[in-house]
Amino acid sequence: MTPAVAALIVAAGRGLRAGADAPKQYRRLGGVPVLCRTLAPFLAESRIGSVLVVTGAGDAERYDDAIRQLPENTRARLAASVEGGETRQDSVRAGLEALAAAGFAGSVLVHDAARPFVSSALIERALAASAEHAAAIPALAVTDTVKRIDAVGRVEETLPREQLVFVQTPQAFAFQPLLAAHRAAHAAAAGGFTDDSAIMEWAGHRVATFAGDPMNLKLTYPGDFEQAEQRLSRPLVTRIGTGYDVHAFADGDHVWLGGVRIPHSRGVTAHSDGDVALHALTDALLGALADGDIGSHFPPSDPQWRGASSDRFLAFAAERVRQRGGRIDHLDLTIVCEGPKVGPHRDAIRARIAEIAGLRLDQVGAKATTSERLGFTGRGEGIAALATATIRLPESE
Ligand code: MG
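Residues numbered from 1 in each chain as written. Predicted model: local features only at pLDDT ≥ 70, side-chain atom pairs only at ≥ 80, totals over all residues. Heavy atoms only, no water.

Q: Can you break down the overall build of the chain residue by residue, with the values?
A: If you tally the helices and strands in the chain, you get 13 helices and 19 strands. Computed over its C-alpha atoms, the radius of gyration of the chain comes to 24 Å, within 12% of the 21 Å expected for a compact globule of 397 residues. Judged by the C-alpha coordinates and their principal axes, the chain covers about 85 × 45 × 40 Å. Counting all 397 residues of the chain, 50% fall into the buried class. Considering only contacts within the chain whose residues lie at least 6 apart along the sequence, 74% involve residues at least 24 apart. If the 42 positive side-chain charges of the chain are averaged to one point and the 47 negative ones to another, these points end up 2 Å apart. (Helix = DSSP H or I, 4+ residues; strand = E, 2+ residues; numbered from the N terminus. Rg over C-alpha atoms; globule rule 2.2 N^0.38 Å. Buried < 20%, exposed > 50% of the residue type's maximum accessible area, 1.4 Å probe, protein only. Contact = heavy atoms within 4.5 Å. Lys, Arg positive; Asp, Glu negative; His and termini not counted. Charge placed at Lys NZ, Arg CZ, Asp CG, Glu CD.)

As C-alpha cells, this is what we get:
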C-alpha cells in the first residue's frame, strides 16, 4: 500500500518585507489570492490525501476570504486550518502536531505559501522523492559566482559553487522523523532554522535533493510581486481541445454521465465509474493544454483509479489550466446514445460539470443525440461522448 501523504502549507508569515498592509500570502496576484494559487496544485494532486494550512494569529478572516475563491469541490479537500506560532519553525511544528493528533502517519510535503508558482511536476518529483528518502528537498544549481564577504562588504573568499545549491519548497519528509526532529529542536530551544531540512540535518538525518524549478519563485520583496504580475500578464492566446470517449454497455442499473447518476437498464464496462462525458471533457482540457491525456495522468493499470469517481479527473485538468496561468472559457459536450434519455438530466449535468470545473453555468454546454440506430451506439452496444474545451493560456516565452 502506498503510504498516506499530507501537504502542510506554511502561511503564518507576516510578510513585512514584501510591503503592503496584508501579509503577502493574502495579496492578490493576477486577481487571485497568492494562497489560492499555491494551494491549487496540491489540492489537484489526488495522491495527497490531506492539505493543511498553518495560518498566522489573527488571520482567520483573511484565510476564510481567500479560500472562498477556490472551487467548492477542491475547497472541500482542505483540512481545518491550524494557527501557527512566532517563527516559521513554531508554525510548522504546530501543523505537524495537528497531523499527529489526527493520527497521521506517512509522508508530508512542507511548502511555503509564498511560492505560488509551484508546479504539478515539481510536486510529483517531491512525491517520488518522499517514497525513497526520509528527507528530500528541491535544489537548483548556482550559476552565479558566490563570495563570502565581511561586515563592510569586502570579499573574504570565493566559494566553490559546484558544491552549492539553492533550496526551495516543497520539501518531502517521512512524517515521524520530521515530527521527532521538530519536537527535539523545540525541547532543546534550538532555533534559527530557515527550512525544515535544516532541522532534519540538526537531528542527524541525511537530506537528499531532487530537481527544483526555476519558475518556483518565492515572493519576498515588493519587486517580486511586480515580476510575478508581469509573468501573469503575458498575453493570453486561445486554444481549443477536443476529447472523445466510449464505454460499452454491460449488466447494471445505472450509468454516470457528466457526474450525474442516471438510472438505466444497463451499466457500463469501465475501470473507473465509466463516465464518458467527464472523460471526454478531461481529454478536451488536456488536449488544449497539450498535456497528455487522461490515461497518461490516471493510468488504468493503477489500482487506485478502480471504480474512481471521474469528477476528480475533470477537476485535475481544470486546475492544470489555472496552474498554467490560464482560464477556461467554455466546455461543450455531446453525448451519443439510444438510451438512457439524457434530456431530462441535461441541466443537472451542466450544473455538475460547472461545479467540478469551477465554471459558471453559462460556460457549459451539453447536448445529446442518437445515431439513428446506426453503428455501435445505434445498436445500443455502448455510449459515446465528444467534448470541446476553449481555454486561454499565457503566450509562451
Ligand atoms: Mg473512459
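Next comes the rest of the description.
Q: Now, about a nonpolar patch on the surface: what can you tell me, with residues and values included?
A: Together, Tyr-244, Val-246 and Leu-386 line one region of the surface with nonpolar side chains, adding up to about 260 Å² of accessible area. Mapped onto the secondary structure, Val-246 falls in strand E13 (residues 236-250). By relative accessible area, which is 32% here, Val-246 ends up partly exposed. (Patch = residues over 30% accessible without salt bridge, like charges linked within 9 Å, V, L, I, M, F, W, Y side chains within 5 Å. Areas by Shrake-Rupley, 256 points an atom, 1.4 Å probe, with all protein chains shown as cover. Salt bridge = Lys/Arg side-chain N within 4 Å of Asp/Glu carboxyl O.)

Q: Can you tell me about the pairing of strand E15 (residues 260-263), naming the residues and giving the values?
A: With burial as the criterion, only one face of E15 is covered, namely that bearing Val-260 and Ile-262; the residues Arg-261 and Pro-263 on the opposite face remain uncovered. Taken together, the 4 bridges between strand E14 (residues 254-257) and E15 define a ladder with antiparallel strand orientation. Paired with Val-255 across the strands is Ile-262, a residue of E15. In this structure, the hairpin formed by E14 and E15 is closed by a connection of 2 residues, where Gly-258 is found at a positive phi of approximately 60°. (Pairing = 2+ DSSP bridges.)

Q: Account for the domain arrangement of the chain, naming residues and giving values.
A: Here the domain parsing of the chain yields domain 1 (5-232) and domain 2 (236-394). If you average the C-alpha positions of domain 1 and of domain 2, the two centres end up 35 Å apart. Taken together, the contact between domain 1 and domain 2 spans 15 residues of the former and 14 residues of the latter. When domain 1 packs against domain 2, the two sides together hide about 1,100 Å² of surface, and 50% of this comes from carbon and sulfur. Three residues, Ala-44, Ser-46 and Asn-73, lead the burial of domain 1 against domain 2; their summed loss comes to 37% of the area buried on that side. At the junction of domain 1 and domain 2, the tally comes to 0 salt bridges. On inspection of domain 1 and its partner domain 2, the count reaches 1 residue pair in polar contact (both at pLDDT 80 or more). Along the lines of polarity and charge, the residues of the side of domain 1 that touches domain 2 split into 7 nonpolar, 5 polar and 3 charged. (Domains from an automatic or database assignment. Buried area = accessible area lost by both parts, 1.4 Å probe. Polar contact = N/O pair within 3.5 Å; in protein donor to acceptor, adjacent residues only side chain to side chain. Nonpolar A, V, L, I, M, F, W, Y, C, P; charged D, E, K, R; others polar.)

Q: Describe the coordination of the magnesium ion, with residues and values.
A: Under perfect tetrahedral coordination by four donors, a metal shows angles of 109.5 degrees; under perfect octahedral coordination by six donors, it shows angles of 90 or 180 degrees. All of the protein donors around the magnesium ion are Asp-245 (OD), His-247 (NE2) and His-279 (ND1); their distances to the metal are 2.2 to 2.3 Å. Donor residues for the magnesium ion, ordered by position in the chain, follow D-x1-H-x31-H. Of this pair, Asp-245 sits in strand E13 while His-279 sits in helix H9 (residues 276-289); the two residues are 34 residues apart in sequence, bridging distant segments of the chain. The residues Asp-245 and His-279 share a single accessibility class, namely buried. (Donors = N, O, S within 2.8 Å, 3.2 Å for Na, K, Ca; no water.)

Q: Account for the pattern of salt bridges, with residues named and values stated.
A: This model, assessed by the stated rule, comprises 18 salt bridges. Residue Arg-62 pairs with Asp-59 through a salt bridge whose shortest N-O separation is 2.9 Å. A relative accessible area of 32% places Arg-62 in the partly exposed class. Looking at Asp-59, the relative accessible area reads 0%, which means it is buried. Residue Arg-154 pairs with Asp-150 through a salt bridge whose shortest N-O separation is 3.1 Å.

Q: Explain the packing of aromatic side chains to me, using residue names and the numbers behind them.
A: Any two aromatic rings considered together are summarised by their centre-to-centre distance and by the angle between their planes. Applying the stated rule across the entire model yields 4 aromatic pairs. Centroid distance Phe-104 to Phe-175: 5.1 Å. Interplanar angle 85°. Geometry classified as edge-to-face. On the criterion of sequence distance, the pair formed by Phe-104 in the loop between helix H4 (88-101) and strand E6 (107-112) and Phe-175 in helix H6 (residues 175-187) is long-range, its members being 71 residues apart. Here the two residues Phe-104 and Phe-175 agree in accessibility, since each one is buried. Ring geometry for Phe-298 and Phe-316: centres 5.0 Å apart, planes at 80°, overall edge-to-face. On the criterion of sequence distance, the pair formed by Phe-298 in the loop between helix H10 (294-297) and helix H11 (311-323) and Phe-316 in helix H11 is long-range, its members being 18 residues apart. Residue Phe-298 is classed as buried on the basis of its relative accessible area of 7%. What links up through ring pairs into an aromatic cluster is the set Phe-298, Phe-313 and Phe-316. The ring centre of Phe-225 lies 3.8 Å from the NZ or CZ of Arg-27, which sits over that ring. Directly above the aromatic system of Phe-117 lies the positively charged group of Arg-231, at a separation of 4.1 Å from the ring centroid. (Phe/Tyr/Trp six-rings, centres within 6.5 Å; stacked < 30°, edge-to-face > 60°. Lys NZ or Arg CZ within 6 Å of the ring centre and 35° of its normal.)

Q: So what's going on with helix H8 (residues 222-232)? Residues and values would help.
A: Within the sequence span of H8, burial applies to Asp-224, Phe-225, Ala-228, Arg-231 and Leu-232. Looking straight down H8, one finds that the buried residues subtend no more than 120° of arc, so they occupy a single side. Relative to its buried face, H8 has exposed residues pointing more than 90 degrees away, namely Glu-226 and Gln-230. In this fold, the buried residues of H8 make contact with strand E2 (28-29) and helix H1 (34-44). (Arc of directions from axis to C-beta.)

Q: Could you give me a rundown of the environment of Ser-272, with the residues and numbers involved?
A: Tracing the chain through its elements places Ser-272 in the loop between strand E16 (267-268) and H9. Filtering out sequence-adjacent residues up to four positions away, Ser-272 remains in contact with His-279, Trp-305, Gly-307, Ala-308, Ser-310 and Phe-313. Side-chain polar atoms of Ser-272 contact the backbone nitrogen of Gly-274, separated by 3.2 Å. Among the polar contacts listed, one links the side chain of Ser-272 to the side chain of His-279, at a separation of 3.3 Å.

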